[in-house]
Amino acid sequence: MDQIILPQIVSIGIFNSDIAIKNKTTTSVRKTTMFEIDLPIENGGIVYVDSEQSPIIPNTVICVKPGHQRHTRLPYKCYYIHMILEEGALYDMLMKTPSFIPITNFPEYLYMFKSLCNHRDSETASNVVILQSLILQLVYMLNKDSQKLEYTMKLKNLEHDIVEEAIKYIKEHLSGDLSLDAVSKFASYSPIHFHNCFKAATGTTLHEYVENLRIKKSMVLLSTTSQTLAEIALQCGFSSQSYFSYVFKRRTNMTPREYAKKECTRYLYESTSRTKGVLIVPQGTLS
């Protein structure tokens with residue numbers, strides 16, 4: 001088991017850019033030499049840590065490690081603790097902590113930082129014990145919330161992969177059964193969970209996505225083949241020619257026949273030879 005080495009506390013307090021930095025909109029870029037943990041207590045500007053950035057909001061804890069570069073677009077008001085750790089279990093935990101940690105228990109963190117501020121000045125043995133126990137609890141909370149974030153990100157990545165596989169399946173089986181039950185079964189998800197994942201990833205429902213692909217495919221077939229409407233409807237996965245026509249008009253404001261005629265007319269205009277800028281159309285073509 002890794003050794004628990006307690007940190008050297010450098011400073012604890014409240015930072016308010018409106019008081020500390022006047023007439024500036026951004027702090028200078030600086031390289032940190034210790035762990036800097038901030039708890040924003042008001043909405044503000046943006047914090048930049050190396051190549052990452054996050055808006056300043058109370059439900060995100062900021063953990064900057066030694067050697068990172070940071071600067072801030074003001075305003076910025078936060079509780080903070082700066083401490084030195086160079087090895088041990090706490091060091092390893094903090095080094096694995098993301099720079100920006102979403103939290104759902106802001107009141108608990110706020111109480112923690114207020115308690116740290118209340119015990120920062122006294123050097124009595126009992127007070128030092130309380131201060132270090134609060135820091136241990138803070139590191140524990142950060143580690144716990146970091147693990148939650150890591151799990152959530154892994155789940156999102158997994159769900160993204162599942163949605164990508166589902167989209168590939170949809171495109172390869174456009175004429176088949178692509179109902180929510182059928183596609184969620186392919187993805188090995190419950191219909192409700194798959195619906196939520198798919199909408200989060202694509203911004204649309206499965207039904208809307210499939211319908212859009214089917215209409216796009218029907219447009220290609222209407223303008224490039226001589227298939228009947230019934231054949232196109234079947235090939236594009238519509239249950240009937242009448243339903244295909246209904247959906248097509250709802251989405252394009254024209255019937256499939258009107259669209260086919262329009263495409264034919266456009267082709268004739270584009271392909272007809274032009275002489276001195278005058279369009280020559282064969283007689284009887286546009287009826």
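Above this note sits the structure.
Let me sum up the structure you'll find in this document. (Residues numbered from 1 in each chain as written. Predicted model: local features only at pLDDT ≥ 70, side-chain atom pairs only at ≥ 80, totals over all residues. Heavy atoms only, no water.)

### A few points about the pairing of strand 4 (residues 46–49)
Residue alternation in strand 4 divides its side chains into two sets, Ile46 and Tyr48 and Val47 and Val49, and both sets are buried. As paired elements, strand 4 and strand 5 (residues 52–55) share four bridges and run antiparallel to each other. Along strand 5, the bridge assignment pairs Ile46 with Pro55. Looking at chain direction, strand 4 and strand 7 (residues 69–73) are connected through four bridges and run antiparallel. Looking across to strand 7, one finds that Val49 is bridged to Arg70. (Buried < 20%, exposed > 50% of the residue type's maximum accessible area, 1.4 Å probe, protein only. Helix = DSSP H or I, 4+ residues; strand = E, 2+ residues; numbered from the N terminus. Pairing = 2+ DSSP bridges.)

### So, the pattern of salt bridges
Applying the stated criterion to the full structure yields nine salt bridges. Between Glu36 and Arg30 there is a salt bridge, with its nearest N and O atoms 2.8 Å apart. The class of Glu36 is buried, set by a relative accessible area of 4%. Its relative accessible area of 38% is what places Arg30 among the partly exposed residues. Of the charged contacts in the structure, one is a salt bridge between Glu211 and Arg250, with a shortest N-O distance of 3.0 Å. Residue Glu211 is located in helix 7 (residues 206–224), and its partner Arg250 is located in helix 9 (residues 241–252); the two are separated by 39 residues in the primary sequence. Overlapping salt bridges bring together Arg30, Glu36, Asp38 and Arg70 as one network. (Salt bridge = Lys/Arg side-chain N within 4 Å of Asp/Glu carboxyl O.)

### Observations regarding helix 3 (residues 106–118)
Note: α-helices contain 3.6 residues per turn, so residues at a spacing of three or four share the same orientation. Between its terminal C-alpha atoms helix 3 stretches 18 Å, which fits the 18 Å expected from 13 residues at 1.5 Å a residue. Residues Phe106, Tyr109, Leu110, Met112, Phe113, Ser115, Leu116 and Cys117 constitute the buried set of helix 3. Buried positions along helix 3 lie against strand 1 (8–16), strand 3 (35–40), strand 6 (60–64), strand 8 (77–84) and helix 4 (125–172). (Expected span 1.5 Å × (residues − 1). Contact = heavy atoms within 4.5 Å.)

### A closer look at the sheet that holds strand 6
Taken in spatial order, the five strands of this open sheet run 1-8-3-6-9, and their pairing is antiparallel. The open sheet is flanked by strand 1 and strand 9 (100–102), the only strands paired with a single partner. Going across the sheet, the axis of each strand differs from the next one's by a mean of 15°, ignoring polarity. Where strand 3 lies against strand 6, three bridges are found, and the strand directions are antiparallel. Paired with Asp38 across the strands is Ile62, a residue of strand 6. The sheet strands contacting helix 2 (residues 89–96) are strand 3, strand 6 and strand 8, and the helix crosses strand 3 at an angle near 55°. (Axes fitted to C-alpha atoms, helices over the stretch in contact; angles between N-to-C directions.)

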